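Below are the chains, spelled out letter by letter.
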Amino acid sequence: MDIRIGIAHSPREISFESGQSPADIEKAVAEVLSGASGHLSLTDVKGTVYLVPATTLSYVEIGAEEARRVGFVL
């Protein structure tokens, strides 16, 4: 699952692949936006944990996992 997180007042975004399901990611973002948690915590496929303070969270884009194509297109 491809994840992109926009940070307020920053021209760059955080982009990584996560093994978490889209429902789990959406639930974590909803908890942060409701004020239940002070930060968003997500883990990538290599085990790196990303913590983003709720006050700086601009957007979270949850992309579909895409199978990599091998070969040539004719």
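Quick notes on the rules
- Counting starts from 1 at the beginning of each chain's written sequence and moves along it residue by residue.
- Owing to the predicted nature of the model, reporting of local features is limited to residues with pLDDT of at least 70; listing and counting of side-chain atom pairs is limited to 80 or more, with chain, interface and lining totals taken over all residues.
- Heavy atoms from the whole structure form the basis of all side-chain values; hydrogens and water molecules are not counted.
- Ring pairs are drawn from Phe, Tyr and Trp, using the six-membered ring of Trp, whenever the two centres fall within 6.5 Å, and their geometry is named by plane angle: stacked under 30 degrees, edge-to-face over 60, tilted for the rest.
- Runs of E in the DSSP output that reach at least two residues are strands. Runs of H or I that reach at least four are helices, and both are numbered from the N terminus.
- We call a residue buried when its accessible area falls under 20% of the maximum for its residue type, exposed when it is over 50%, and partly exposed in between, using a 1.4 Å probe and counting protein chains only.
- One less than the number of residues in a helix, times 1.5 Å, gives the span that helix is expected to have.
- What the arc describes is the spread of directions from the helix axis to the C-beta atoms.
- For this analysis, residues touch if any pair of their heavy atoms sits within 4.5 Å.

Draft legend 1. View of the packing of aromatic side chains. Taken as a whole and assessed by the stated rule, the structure comprises one aromatic pair. Taken together, a centroid distance of 4.2 Å and an interplanar angle of 10 degrees make the contact between phenylalanine 16 and tyrosine 50 stacked. With phenylalanine 16 in strand E2 (residues 13-17) and tyrosine 50 in strand E4 (residues 49-53), the pair connects residues that are 34 residues apart, well separated along the chain. Given the relative accessible area of 5%, phenylalanine 16 is considered buried.

Draft legend 2. Focus on the environment of histidine 9. Following the sequence through the fold, histidine 9 ends up in the loop between strand E1 (2-7) and E2. By relative accessible area, histidine 9 is classed as exposed at 86%.

Draft legend 3. Structural view of the environment of valine 45. Here valine 45 lies in the loop between strand E3 (39-43) and E4. Assessed through its relative accessible area of 56%, valine 45 is described here as exposed. Separated by 25 residues in sequence, valine 45 and glutamine 20 place their C-alpha atoms 8.5 Å apart.

Draft legend 4. Structural context of helix H1 (residues 22-34). With 13 residues, H1 should cover 18 Å at 1.5 Å per step; its first-to-last C-alpha distance of 18 Å lies within 8% of that length. Taken together, the buried positions of H1 are occupied by Ile25, Ala28, Val29 and Val32. Considered in projection along H1, the buried side chains sweep an arc of 95 degrees and stay on one side of the axis. Along H1, the residues that are exposed and aim more than 90 degrees away from the buried face are Ala23, Glu26, Lys27 and Ser34. Elements that come into contact with the buried residues of H1 comprise E1, E3 and strand E5 (57-63). Glycine 35 occupies a position one or two residues after H1 and carries a positive phi of about 90 degrees.

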